[in-house]
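Spelled out from the first residue to the last, the chains are:
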Amino acid sequence: MPAVSVQKQDFDIAAEIANLKQGRLDIGAIVTFTGTVRDMDGSLKSMTLEHYAGMTDNELDAIIAEAYGRWPLQACRIIHRYGRLKPGDNIVLVITMSAHRQAAFQAADFLMDFLKSRAPFWKSEETDAGANWIDARESDAEALNRWQD
Amino acid sequence: MPAVSVQKQDFDIAAEIANLKQGRLDIGAIVTFTGTVRDMDGSLKSMTLEHYAGMTDNELDAIIAEAYGRWPLQACRIIHRYGRLKPGDNIVLVITMSAHRQAAFQAADFLMDFLKSRAPFWKSEETDAGANWIDARESDAEALNRWQD
Amino acid sequence: MLQLLYFSWVRERTGTSEEQITLPDGIATVSTLVGHLRAKNDRYAAAFEDMKQIRIAVNQRYVDPDAAIKDGDEIAFFPPVTGG
Amino acid sequence: MLQLLYFSWVRERTGTSEEQITLPDGIATVSTLVGHLRAKNDRYAAAFEDMKQIRIAVNQRYVDPDAAIKDGDEIAFFPPVTGG
């Protein structure tokens, strides 16, 4: 199984964990992060994710390689969806597995921070008022500073 | 559904997430932590978890209340197993849901740190050489310092 | 009466998981109760040999050794916890 | 030839997602290529109006505006990313 999947279809967290963990007894801590489509005020009709197909996999692979270099990890997995999603739908899944919980927590947090600021995806929100590209958040760029040596 | 379950039987991460998220569109970030029984050198036959039934639920409820006070959370769930487990089995599940990822990550990390040092569970490892109570780790006590104001 | 509970190796050393005792005269804190229990026999003396290794809960809440106790309390003794 | 790619609102402003152009004479960096594209028409001028809002990848790797380019490169222009 590849560490990275960029796909239209939804994912199954339990199946992904089972695949990564299968036959392994050296894993003591599993962290998952799931990002979902929010609709705070009931105005969102859909969200569309565009991505740069040629570059996305490479960026996500590079982010995972960086995580393996920083923490003792037994497994990492990133699934990111693209296309048209509805409120409540899953967008992204990150899974990290390690012998100990701190490595698994930190690596998942790190993967999300780097994915947010480097993986070439763009979200557009569709409401009754039309479609709008979501602006990048300053806080996502600042989050990277936490990981500087 | 209660926020806390202390039970012998295994849990189903996907079903737990679905239950917590059902009908809600204000959730953008879901973090899960799963702790599992490790067997690094093939010597472990089983692990038995004893707990203080009268106190466990209250301690876990108090830890969750503390997390709600610190972060804007939409949902929290802790499931902790007791009894006899085999290598690879699930021990504990923590789920946090929030509008934003930092709150979900930090709350899950916090819940695990406090659970590790306050929830009255004790692990015994059974090998061919007999049964041994696992010693508390100094690093788990130190982990709490991260959360002092 | 006091309800006394022992867990993990404290339970194994005392040889009992649970017992009821009459609140002894002159005993008003966990510390003095521990002194009373230690004097019971060698098993209890071994269980409570090093109080740095013992955590205490009165009525299901963590307390320090100098916490007050009274008739009707549930008092639990156990090692540092190792769940999760 | 250069392969040019545009994403998100950069794509909407230029009106194209992908195009091939001949490497223009005297153009050796992304910056000078952007100047050349801006001069094409109003749509491109609008797309590249504020380069602080544009990220650049050459052959699928992030680069700065002063990065060198050469014949055969794939050059992508897009806003700061918003996935995850």
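Residues numbered from 1 in each chain as written. Chains lettered and ligands numbered in written order. Predicted model: local features only at pLDDT ≥ 70, side-chain atom pairs only at ≥ 80, totals over all residues. Heavy atoms only, no water.

## Observations regarding the overall build of chain A
In step 1: Within chain A, the regular secondary structure consists of 4 helices and 8 strands.
In step 2: Sequence-ordered secondary structure for chain A, helices as α and strands as β, is β-α-β-β-α-β-β-β-α-β-β-α.
In step 3: Taken along its principal axes, the extent of the C-alpha atoms in chain A is 50 × 35 × 30 Å.
In step 4: Across the 149 residues in chain A, those meeting the buried criterion constitute 57%.
In step 5: Expressed as a percentage of contacts within chain A between residues at least 6 apart in sequence, the contacts between residues at least 24 apart total 76%.
In step 6: When the accessible surface of chain A is totalled, it reaches about 6300 Å², and 45% of it is carbon and sulfur.
In step 7: Of the side chains in chain A, 16 bear a positive and 22 a negative charge, and the two mean positions are spaced by 4 Å. (Helix = DSSP H or I, 4+ residues; strand = E, 2+ residues; numbered from the N terminus. Buried < 20%, exposed > 50% of the residue type's maximum accessible area, 1.4 Å probe, protein only. Contact = heavy atoms within 4.5 Å. Areas by Shrake-Rupley, 256 points an atom, 1.4 Å probe, with all protein chains shown as cover. Lys, Arg positive; Asp, Glu negative; His and termini not counted. Charge placed at Lys NZ, Arg CZ, Asp CG, Glu CD.)

## Some remarks on the packing of helix H2 (residues 53-70) of chain A against helix H3 (residues 101-118) of chain A
All names here are of chain A.
In step 1: Closest axis-to-axis distance for the H2/H3 pair is 10 Å, and the angle between their directions is 150 degrees. Relative to H3, H2 is oriented roughly antiparallel. For H2 against H3, the interelement crossing comes out right-handed. Across from Glu 59, Leu 60, Ile 63, Ile 64, Glu 66, Ala 67 and Arg 70 in H2, the residues of H3 making contact are Phe 110, Leu 111, Phe 114, Leu 115 and Arg 118.
In step 2: Grouping the amino acids of the contact of H2 with H3 by side-chain chemistry returns 8 nonpolar, no polar and 4 charged. (Axes fitted to C-alpha atoms, helices over the stretch in contact; angles between N-to-C directions. Parallel < 35°, antiparallel > 145°, perpendicular 65-115°, else oblique. Left-handed = near helix turned anticlockwise from the far one by under 90°. Nonpolar A, V, L, I, M, F, W, Y, C, P; charged D, E, K, R; others polar.)

## With respect to the pairing of strand E1 (residues 4-7) of chain A
Residue and element names in this part refer to chain A.
In step 1: The alternating pattern of E1 places Val 4 and Val 6 and Ser 5 and Gln 7 on opposite faces, both of which are buried.
In step 2: The pairing of E1 with strand E4 (residues 73-81) spans 4 bridges and is parallel. Its bridge partner lying in E4, Val 6 is registered against His 80. (Pairing = 2+ DSSP bridges.)

## Thoughts on the interface of chain C and chain B
In step 1: Each side of the interface is counted separately: chain C has 20 residues, and chain B has 25 residues.
In step 2: Roughly 1800 Å² of surface becomes buried between chain C and chain B when both sides are summed, with 58% attributable to carbon and sulfur atoms.
In step 3: For the pair chain C and chain B, the interface holds 1 salt bridge.
In step 4: Here Arg 11 of chain C and Glu 50 of chain B are joined by a salt bridge, their closest N and O atoms 2.5 Å apart.
In step 5: The tally of links from chain C across to chain B stands at 12 residue pairs in polar contact (both at pLDDT 80 or more).
In step 6: Of all the secondary-structure elements, those providing two or more residues to the side of chain C that touches chain B are strand E1 (2-6), helix H1 (8-14), strand E4 (61-63) and strand E5 (74-78) of chain C. (Buried area = accessible area lost by both parts, 1.4 Å probe. Salt bridge = Lys/Arg side-chain N within 4 Å of Asp/Glu carboxyl O. Polar contact = N/O pair within 3.5 Å; in protein donor to acceptor, adjacent residues only side chain to side chain.)

## Side note on the side chain of Thr 56 of chain B
Residues and elements named next belong to chain B.
In step 1: Assignment of secondary structure puts Thr 56 in helix H2 (residues 53-70).
In step 2: Among the polar contacts made by the side chain of Thr 56, one reaches the main-chain carbonyl oxygen of Tyr 52 at a distance of 2.7 Å.
In step 3: Among all residues touching Thr 56, those that are not within four sequence positions of it are Val 6, His 51, Pro 120 and Phe 121.

## A word on the confidence of the model for chain C
In step 1: Mean pLDDT over chain C: 97, with 100% of residues reaching 70 or higher.
In step 2: The ipTM assigned to the predicted complex is 0.95, against a pTM of 0.96. (pLDDT = per-residue confidence, 0-100.)

## A word on the interface of chain A and chain B
In step 1: Each side of the interface is counted separately: chain A has 36 residues, and chain B has 36 residues.
In step 2: Summed over both sides, the interface of chain A with chain B buries roughly 3000 Å², with 53% coming from carbon and sulfur.
In step 3: It is Leu 25, Arg 101 and Phe 105 of chain A in chain A that bury the most area against chain B; as a group they hold 24% of the surface buried on that side.
In step 4: Linking chain A to chain B there are 4 salt bridges.
In step 5: One salt bridge connects Asp 140 of chain B with Arg 101 of chain A, and the closest N-O pair in it is separated by 2.8 Å.
In step 6: Looking at the side of chain A that touches chain B residue by residue, the classes come out as 17 nonpolar, 8 polar and 11 charged.
In step 7: Sheet topology places strand E2 (residues 29-36) of chain A next to strand E2 (residues 29-36) of chain B; 7 bridges connect them, and they run antiparallel.

## Structural notes on the arrangement of the chains
In step 1: Taken together, the 3 pairs of chains in contact show their highest number of contacts between chains A and B.
In step 2: At the level of C-alpha atoms, the two units chain A and chain C stay apart, their nearest approach being 10 Å.
In step 3: Structurally, chain B and chain D remain out of contact, their C-alpha atoms never closer than 10 Å.

## Comments concerning the sheet that holds strand E6 (residues 90-98) of chain B
In step 1: Taken in spatial order, the 8 strands make up an open sheet running E1(A)-E4(A)-E6(A)-E2(A)-E2(B)-E6(B)-E4(B)-E1(B), and their pairing is mixed. Two strands close off the open sheet at either side, each with one partner strand: E1 of chain A together with strand E1 (4-7) of chain B. The average angle at which neighbouring strand axes cross in this sheet is 10 degrees, direction not considered.
In step 2: Where H2 of chain B meets the sheet, its contacts fall on E1 and strand E4 (73-81) of chain B, and the angle it forms with E4 of chain B comes to roughly 155 degrees.
In step 3: Most of the contacts of helix H3 (residues 101-118) of chain B go to E6 of chain B, to which it runs at about 145 degrees, and overall it touches E2 of chain A together with E2, E4 and E6 of chain B.

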